[in-house]
Structures are given as C-alpha cells and as structure tokens.
Amino acid sequence: MDSERDCLRWWREQRFGTSIQRVCLDSIAGISSGIVEAVYITGFPKESDLKLTTATTKLKLREGLTGLLVKNLYLSCDPYMRSHMTKQKGGGEEGGRSIWNTPTLYCPSDHLCENQHDRPTYVQSFTPGSPVIGLGVAKVLESGDPKFKPGDLVWGHTGWEEYSVITTEFLIKIHHTDVPLSYYTGLLGMPGVTAYAGFYEICSPKKGETVYISAASGAVGQLVGQFAKLTGCYVVGSAGSKEKQRILRML
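Thresholds, definitions, all that
Residues numbered from 1 in each chain as written. Predicted model: local features only at pLDDT ≥ 70, side-chain atom pairs only at ≥ 80, totals over all residues. Heavy atoms only, no water. Helix = DSSP H or I, 4+ residues; strand = E, 2+ residues; numbered from the N terminus. Buried < 20%, exposed > 50% of the residue type's maximum accessible area, 1.4 Å probe, protein only. Pairing = 2+ DSSP bridges. Axes fitted to C-alpha atoms, helices over the stretch in contact; angles between N-to-C directions. Parallel < 35°, antiparallel > 145°, perpendicular 65-115°, else oblique. Left-handed = near helix turned anticlockwise from the far one by under 90°. Contact = heavy atoms within 4.5 Å. Nonpolar A, V, L, I, M, F, W, Y, C, P; charged D, E, K, R; others polar. Polar contact = N/O pair within 3.5 Å; in protein donor to acceptor, adjacent residues only side chain to side chain. pLDDT = per-residue confidence, 0-100.

## Side note on unusual backbone geometry
Unusually for a residue other than glycine, serine 204 sits at a positive phi of about 50°. With respect to the helices and strands, the residue serine 204 is situated in the loop between α3 (190-203) and β11 (210-213). A positive phi angle is found at alanine 215, which is not glycine, with a value near 50°. Owing to a relative accessible area of 54%, alanine 215 belongs among the exposed residues under this scheme.

Here it is as structure tokens:
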C-alpha cells in the first residue's frame, strides 16, 4: 500500500475495522507493543502460537481517514476468538474473508471432536503477523469522525496492542464512568448485553419457572443465572468441571 487511496481501501475492507498497518498513521512516533498470531492454530493453542512484539509507530491519523486513533486500556479474551485463529476455507475464499455459506459445525464434547475449532466456520480468519483482534475499552487520541472527540472512552473491536486505528461503525461511546472501565469487557459489554437480551427479551421467563443454562460458568451463562435468580426462577446450570461448579454455587 503505497498511497493514501490504497490505505483507505484496505482499512475499510477490514471486517472488524481494526487497522494495524502503520501506513495509515502519520508523524509523531511512539512505541507500541502488541500480541500477534504467529501462525494459524491447529488443535489446542500453545504459547508459541502467539508472540509479543514491540515496534515504533506513528501516532497521528493520516488526513482523510474517518476512524479513530485510540489507546487501548482493557482487552477481553473470549472463547469465540479461537475460531478466528484457524485458517478458514470455503466458497473459493480463505483467510481474511467471511465465508457465510459454510455452516458452523457443532461437537457435543471435546473428546468426541478434538479439532472442532479447526473445521470451517462462518467467521473470517485473523492474519498471522498482525495483532489479535478482540473486544476492548479504549481512549480516543485523535478522531476523524465528528461523533467522537479526543478524550472520549469507547468499547468495541480493537487490536491487542497499545494503539490502534479503528472504524466507528459498531463502536459504542462510554457515557457512564462511575464504574470500573473493565466492566465494559464483561457485565456492561458484549457478555452482559447478550445475557440481558437473551434472558429478558427472548426467553422472558416468569417467577417460579425453571431455567436451564448450559455453559453456566461462562461469561454469558453466569450472568443469565443471576438474572434468573433475581427474577425468582428455579435455576439449573451445567458446567464442565468441579471447579466451575464450585464457582457457580457461590453466585
């Protein structure tokens, strides 16, 4: 990408809108560390599959970009990210493209399908050598979007690095800062919204009814269990280990 036009085109095509290409920044150098995927992962992830990198980056948006330059404050590590770490193939496309025509494959247990995450899914792959992308909380340093200004706090998809350039299409501005910002990676973020909408808007059980929760110790499941108890439901949950069961009994 040798031109501003190439930079803009590449940047807009990113599924999660996270640009780690330094050509999209300009002047004012700084040091940024990040976690990158070293290789496409097969089987159970190993420490060597990811690596910490440090590089000099330019901390200023290029003129014409409509996204944000942010400093990442909190990052979330979620189970769905594992599927992005596999090289996906489907419909003549692979790695870095969505493959919506390929169905998600479900395995009832790990011992029946050890490499379930290595099979085709509808998600696109991360790119080896680039920072891992996930949900996080960030502070805006520079904005090319009039809806955001420097100093704003936001949550949404960003890179596992100190500084990222991100699009604003699905970004949410944080207005309530009287709680720990880390809550926006959990209770007030994607897991909390999923649990709330699933329980109150879709399931909507009544007091006295029985609610069963699979993966009850997960980020979403443990919140659904608490919502159900607060509603006055009889709650039954399943979890994959005695330690997880012990944690659930404490909720």
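## Some points on the pairing of strand β8 (residues 153-159)
Counting buried positions over the seven residues of β8 gives six, a clear majority of the element. Across two bridges, β8 lies against strand β10 (residues 172-173) in antiparallel orientation. By the bridge assignment for β10, valine 154 is matched with lysine 173.

## Quick notes on the packing of α3 against helix α4 (residues 221-231)
At a closest axis distance of 9 Å, the pairing of α3 and α4 adopts a crossing angle of 45°. As judged from the angle between their axes, α3 and α4 are oblique. Like other packed secondary-structure pairs, α3 and α4 cross with a definite hand, here right-handed. Contacts between α3 and α4 involve Pro191, Gly192, Ala195, Tyr196, Phe199 and Tyr200 from the former and Leu223, Val224, Phe227, Ala228 and Thr231 from the latter. Residues of the contact of α3 with α4, tallied by class, amount to nine nonpolar, two polar and no charged.

## Describing the side chain of aspartate 152
Mapped onto the elements of the fold, aspartate 152 is located in the loop between β7 (133-143) and β8. Accessibility expressed as a relative area gives 9% for aspartate 152, which makes it buried. A distance of 2.9 Å separates the side chain of aspartate 152 from the backbone nitrogen of lysine 149, its partner in a polar contact. Beyond its immediate chain neighbours, meaning those up to four positions away, aspartate 152 contacts Ala138, Lys139, Val140, Lys147 and Lys173.

## Observations concerning the pairing of β7
Of all the 11 residues making up β7, eight are buried; the element is thus mostly covered by neighbouring parts of the structure. Across seven bridges, strand β4 (residues 68-75) lies against β7 in antiparallel orientation. Bridge assignment links valine 70 to a residue of β7, and that residue is valine 140. Alignment of β7 against β8, held across seven bridges, turns out to be antiparallel. Looking at β8, one finds that glycine 134 is bridged to threonine 158.

## Quick look at the confidence of the model for the protein chain
With 73% of its residues at a pLDDT of 70 or more, the protein chain shows a mean pLDDT of 76. Counting interchain partners and residues more than four positions distant, the pLDDT-below-50 stretch residues 1-29 has 78 contacts. Contacts for the low-pLDDT stretch residues 90-114, under 50 throughout, to residues beyond four places or in other chains number 37 contacts.

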